[in-house]
Amino acid sequence: MINENAPLPALNPFKELYWKQFGGGPTPADLEAMSPDRAKDLGSTKAPGTQKPGKGPAGG
(Lines give C-alpha, C1' and ligand atoms only; values in the text may rest on other atoms or scores of the structure.)
Protein backbone atom coordinates (compact mmCIF):
# COMPACT_ATOMS: atom_id res chain seq x y z
CA MET A 1 0.00 0.00 0.00
CA ILE A 2 1.08 3.53 -0.61
CA ASN A 3 0.41 4.93 2.88
CA GLU A 4 1.27 1.93 5.05
CA ASN A 5 4.37 3.70 6.38
CA ALA A 6 2.66 7.08 6.88
CA PRO A 7 3.20 8.56 10.35
CA LEU A 8 0.27 8.12 12.72
CA PRO A 9 -1.20 11.03 14.70
CA ALA A 10 -0.23 11.19 18.37
CA LEU A 11 -3.91 11.27 19.39
CA ASN A 12 -7.15 10.21 17.74
CA PRO A 13 -8.22 13.32 15.78
CA PHE A 14 -11.91 12.65 16.44
CA LYS A 15 -11.33 12.50 20.18
CA GLU A 16 -9.29 15.70 20.01
CA LEU A 17 -12.21 17.47 18.31
CA TYR A 18 -14.61 16.10 20.95
CA TRP A 19 -12.43 17.38 23.80
CA LYS A 20 -12.11 20.76 22.07
CA GLN A 21 -15.89 21.05 21.71
CA PHE A 22 -17.05 19.57 25.03
CA GLY A 23 -14.01 19.98 27.26
CA GLY A 24 -11.95 17.44 29.05
CA GLY A 25 -8.92 15.70 27.72
CA PRO A 26 -7.13 12.43 27.48
CA THR A 27 -6.56 10.33 30.59
CA PRO A 28 -3.31 8.42 31.01
CA ALA A 29 -5.20 5.29 29.88
CA ASP A 30 -6.35 7.12 26.73
CA LEU A 31 -2.79 8.20 25.97
CA GLU A 32 -1.57 4.62 26.30
CA ALA A 33 -4.40 3.23 24.14
CA MET A 34 -3.86 5.81 21.38
CA SER A 35 -0.06 5.60 21.34
CA PRO A 36 1.27 5.29 17.76
CA ASP A 37 3.96 2.95 19.09
CA ARG A 38 1.23 0.61 20.35
CA ALA A 39 -0.39 0.56 16.90
CA LYS A 40 2.90 -0.48 15.30
CA ASP A 41 3.21 -3.32 17.82
CA LEU A 42 -0.21 -4.68 16.88
CA GLY A 43 0.86 -5.32 13.29
CA SER A 44 -1.66 -5.89 10.55
CA THR A 45 -3.46 -8.90 11.99
CA LYS A 46 -7.20 -9.02 11.51
CA ALA A 47 -9.69 -9.85 14.20
CA PRO A 48 -10.94 -13.45 14.20
CA GLY A 49 -14.01 -13.97 12.04
CA THR A 50 -13.34 -11.05 9.70
CA GLN A 51 -12.01 -13.16 6.85
CA LYS A 52 -14.23 -13.40 3.79
CA PRO A 53 -15.75 -16.80 3.00
CA GLY A 54 -13.81 -18.80 0.45
CA LYS A 55 -10.58 -16.91 1.09
CA GLY A 56 -9.19 -19.12 3.83
CA PRO A 57 -6.05 -21.24 3.73
CA ALA A 58 -8.09 -24.30 2.65
CA GLY A 59 -9.31 -22.45 -0.43
CA GLY A 60 -12.89 -22.98 0.76
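To be clear, the structure that these remarks concern was listed above.
In what follows, the accompanying structure is described. (Residues numbered from 1 in each chain as written. Predicted model: local features only at pLDDT ≥ 70, side-chain atom pairs only at ≥ 80, totals over all residues. Heavy atoms only, no water.)

Quick word on the overall build of the protein chain
Assigned secondary structure in the protein chain consists of three helices and zero strands. Going from N to C terminus, the protein chain has its helices and strands arranged as α-α-α. Carbon and sulfur atoms make up 58% of the accessible area of the protein chain, which totals about 5600 Å². (Helix = DSSP H or I, 4+ residues; strand = E, 2+ residues; numbered from the N terminus. Areas by Shrake-Rupley, 256 points an atom, 1.4 Å probe, with all protein chains shown as cover.)

With respect to helix 1 (residues 13–22)
Little of helix 1 sits inside the fold, with one of its ten residues counted as buried. At the N-terminal boundary of helix 1, the capping side chain belongs to N12, with an oxygen 2.8 Å from the backbone nitrogen of F14. With its phi angle positive at about 90°, G23 sits one or two positions after the end of helix 1. (Buried < 20%, exposed > 50% of the residue type's maximum accessible area, 1.4 Å probe, protein only. Polar contact = N/O pair within 3.5 Å; in protein donor to acceptor, adjacent residues only side chain to side chain.)

Some remarks on the packing of aromatic side chains
Tallied over the full model, the rule gives one aromatic pair. Pairing Y18 with F22 gives two aromatic rings, centres 4.8 Å apart and planes at 45°, and the pair type is tilted. Separated by four residues within a single helix, Y18 and F22 lie in helix 1, roughly one turn from each other. (Phe/Tyr/Trp six-rings, centres within 6.5 Å; stacked < 30°, edge-to-face > 60°.)

Limitation: the analysis is restricted to geometry and does not speak to function.
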